[in-house]
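# Coordinate inspection notes
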Amino acid sequence: MIVNRKVLTLDEFTIQQLRSIPKATGELSSLLRDIGLAAKRVNVEVNKAGLVDILGDAGTINVQGEDVKKLDVYANNQFLGVLQHGISSAGMGSEELADIVVFNDEISNNSKYVVMIDPLDGSSNIDVNVSIGTIFSVYRRVTEKGTPCNHSDFLQKGTEQVAAGYIIYGSSTMMVYATRRGVNGFTLDPSIGEFTLSHPDIKCPDKGKIYSVNHGNFFKYDEKVRKYINLCQNKTKSDGGPYTQRYIGSMVADVHRNLIKGGIFMYPGTTDKPNGKLRLLYECNPFAFIVSVAGGKATNGKQRILDIQPTELHQRTPLFIGSKLMMEELETYIN
Ligand code: AHG
Ligand code: MN
Ligand code: MN
């Protein structure tokens, strides 16, 4: 019998990649497998969100003062569980946890990496059956192997990321991750329960026709941003338009679409929240890394997102991210 094996699974792909790096230990492959496993568990719960008593608020407020949805807590625990029991991560930071978790056992203290995570992104969309996601970022520790990790391992610039990725729980479930070598997308094949390589070597088109921003905040944006949004609204065929506005309210879904189709996503600062809403370490940096590897750009309006020196685990930053030429045009307005 001839077996048709044209499609690689996530594990097969990461192991193949590993073979081409002479000094690799396999810890990153193992970490990605752990994240894939937790994602599959979260996916099962997301899919039956309307059926069981998992919908709605958990009745607590998280460290950022936002309502915690039950699935946020569930997802956080799944990712924490796999990383704590795996061999690759010395600790984890999460949107849902006030402080980092230092695993501090013999295996974890000897692990190479630490992970930052937004376990469920777009959680206000859970109740209405709209795409949500998970975002993660992987750093090589700066503290010595064999010792417990600490804050300095997590407060590294985005340029230091070893890998970053996201899972989108959408019309299909996908995991997309980037290393410096490229960005690859894997779609969950529900018949075998495996992520399979469906989008090899993703490149973000240099330009597109989509702009994504919350128009409800328009009058709270500064004048330069409003001028740029006006430009987007007035694009004509002769200058690359017309543009179309798309905003789901789940960053994972919005940026995933723009990564594939070309486009620009903005969450600017507002008069009441000058740093915007999105968190540097587990929302902006991972996407800035992925989009940059794919050929796009990300800034806070003043500097590259990846160059920002973090000072706090949960710090926020304005974000402008997307196709290279669209970002360059934006920069002529906001710089
Ligand atoms: P989270 O669910 O992790 O708190 O993140 C939600 C974020 C992001 O996904 C989205 O782009 C943004 O909030 C939407 O905010 P607005 O509703 O203010 O536009
Ligand atoms: Mn989020
Ligand atoms: Mn979240």
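Residues numbered from 1 in each chain as written. Chains lettered and ligands numbered in written order. Predicted model: local features only at pLDDT ≥ 70, side-chain atom pairs only at ≥ 80, totals over all residues. Heavy atoms only, no water.

## Focus on the packing of helix 2 (residues 27-47) against helix 3 (residues 70-85)
- At their nearest, the axes of helix 2 and helix 3 sit 9 Å apart, and the two run at 155° to each other. As the angle between them shows, helix 2 and helix 3 are arranged roughly antiparallel. Between helix 2 and helix 3 lies a crossing whose hand is right-handed. Touching Leu 31, Asp 34, Ile 35, Leu 37, Ala 38, Ala 39, Arg 41, Val 42, Glu 45 and Val 46 of helix 2 are Leu 71, Tyr 74, Ala 75, Gln 78, Phe 79, Val 82 and Leu 83, all from helix 3.
- For the contact of helix 2 with helix 3, a count of residues per class yields 13 nonpolar, one polar and three charged. (Axes fitted to C-alpha atoms, helices over the stretch in contact; angles between N-to-C directions. Helix = DSSP H or I, 4+ residues; strand = E, 2+ residues; numbered from the N terminus. Parallel < 35°, antiparallel > 145°, perpendicular 65-115°, else oblique. Left-handed = near helix turned anticlockwise from the far one by under 90°. Contact = heavy atoms within 4.5 Å. Nonpolar A, V, L, I, M, F, W, Y, C, P; charged D, E, K, R; others polar.)

## Side note on the domain arrangement of the protein
- Under the domain assignment, the protein is made up of domain 1 (10-199) and domain 2 (210-334).
- The distance between the C-alpha centroids of domain 1 and domain 2 comes to 23 Å.
- Taken together, the contact between domain 1 and domain 2 spans 46 residues of the former and 32 residues of the latter.
- Interface area, domain 1 with domain 2, both sides summed: about 2800 Å², of which 66% is carbon and sulfur.
- Applying the counting rule to domain 1 against domain 2 returns one salt bridge. (Domains from an automatic or database assignment. Buried area = accessible area lost by both parts, 1.4 Å probe. Salt bridge = Lys/Arg side-chain N within 4 Å of Asp/Glu carboxyl O.)

## A word on the nonpolar core
- One finds Phe 79, Phe 136 and Tyr 169 to be the most contacted residues of the largest nonpolar core, which totals 39 residues.
- Looking at this core, the element that brings in the most residues is helix 2, giving eight residues.
- For Phe 79, the residues in contact, after removing those within four places along its chain, are Ile 35, Ala 38, Ala 39, Val 42, Met 92, Ile 117, Pro 119, Thr 134 and Tyr 169. (Core = buried A, V, L, I, M, F, W, Y, C linked by side-chain atoms within 4.5 Å. Buried < 20%, exposed > 50% of the residue type's maximum accessible area, 1.4 Å probe, protein only.)

## Regarding the site of ligand 1
- Taken together, 17 residues lie around ligand 1, and Asp 121, Asn 214, Tyr 247, Met 251 and Tyr 267 are the ones closest in.
- In this structure, an oxygen atom belonging to ligand 1 sits 2.6 Å away from a side-chain N or O atom of Tyr 267.
- For ligand 1, whose free accessible area comes to 480 Å², the fraction covered by protein is 85%.
- Taken together, the elements giving at least two residues each to the shell around ligand 1 come down to strand 5 (113-121) and strand 13 (263-267).
- Considering every element that reaches the shell around ligand 1, the biggest residue donor is strand 5, with three residues.
- Tallied by class, the residues present in the shell around ligand 1 amount to six nonpolar, five polar and six charged.
- Mapped onto the domain boundaries, the shell around ligand 1 takes at least three residues apiece from domain 1 (10-199) and domain 2 (210-334). (Near = heavy atom within 4 Å. Polar contact = N/O pair within 3.5 Å; in protein donor to acceptor, adjacent residues only side chain to side chain. Areas by Shrake-Rupley, 256 points an atom, 1.4 Å probe, with all protein chains shown as cover.)

## A few points about the environment of Val 293
- Here Val 293 lies in helix 8 (residues 280-293).
- A sequence separation of 31 residues divides Val 293 from Gly 262, and the C-alpha atoms of the two residues are 14 Å apart.
- If we ignore the near neighbours within four places in the chain, the residues touching Val 293 are Thr 179, Arg 180, Gly 182 and Val 183.

## Structural notes on the coordination of the manganese ion (ligand 2)
- Protein coordination of the manganese ion (ligand 2) is provided by Asp 118 (OD), Asp 121 (OD) and Glu 283 (OE), with donor distances spanning 1.8 to 2.2 Å.
- Along the chain, the residues donating to the manganese ion (ligand 2) are arranged with the sequence spacing D-x2-D-x161-E.
- Between the manganese ion (ligand 2) and the manganese ion (ligand 3), a spacing of 3.7 Å is present, and a bridge between the two is formed by Asp 118.
- In this structure Asp 121 comes out as buried when scored by relative accessible area, which is 5%. (Donors = N, O, S within 2.8 Å, 3.2 Å for Na, K, Ca; no water.)

## Thoughts on the sheet that holds strand 3 (residues 89-94)
- Here eight strands make up an open sheet; going across it, the order is 4-3-5-6-7-8-9-10 and the pairing mixed. Strand pairing shows two members of the sheet lacking a second neighbour, strand 4 (101-102) and strand 10 (194-199), which therefore form its edges.
- Relative to strand 9 (residues 182-189), strand 8 (residues 173-179) runs antiparallel, the two being bridged by six bridges. From the neighbouring strand, Met 175 faces strand 9, where its bridge partner is Phe 186. (Pairing = 2+ DSSP bridges.)

## As for the coordination of the manganese ion (ligand 3)
- The manganese ion (ligand 3) binds to the protein through Glu 95 (OE), Asp 118 (OD) and Leu 120 (O); the donor distances cover 2.1 to 2.3 Å.
- All donors of the manganese ion (ligand 3) come from a single chain, and their spacing in sequence reads E-x22-D-x1-L.

## Description of the sheet that holds strand 13
- Spatial ordering of the open sheet is given by 12-11-13-15-14, a layout of five strands whose pairing is mixed. Across the chains shown, the open sheet's two edge strands, defined by having one partner strand only, are strand 12 (244-245) and strand 14 (297-299).
- Pairing between strand 14 and strand 15 (residues 319-322): three bridges, direction antiparallel. Across the sheet, residue Lys 297 finds its bridge partner in strand 15, namely Gly 322.
- Packed on one face of the sheet, helix 6 (residues 223-234) meets strand 11 (210-212), strand 13 and strand 15 and runs near 145° to strand 11.

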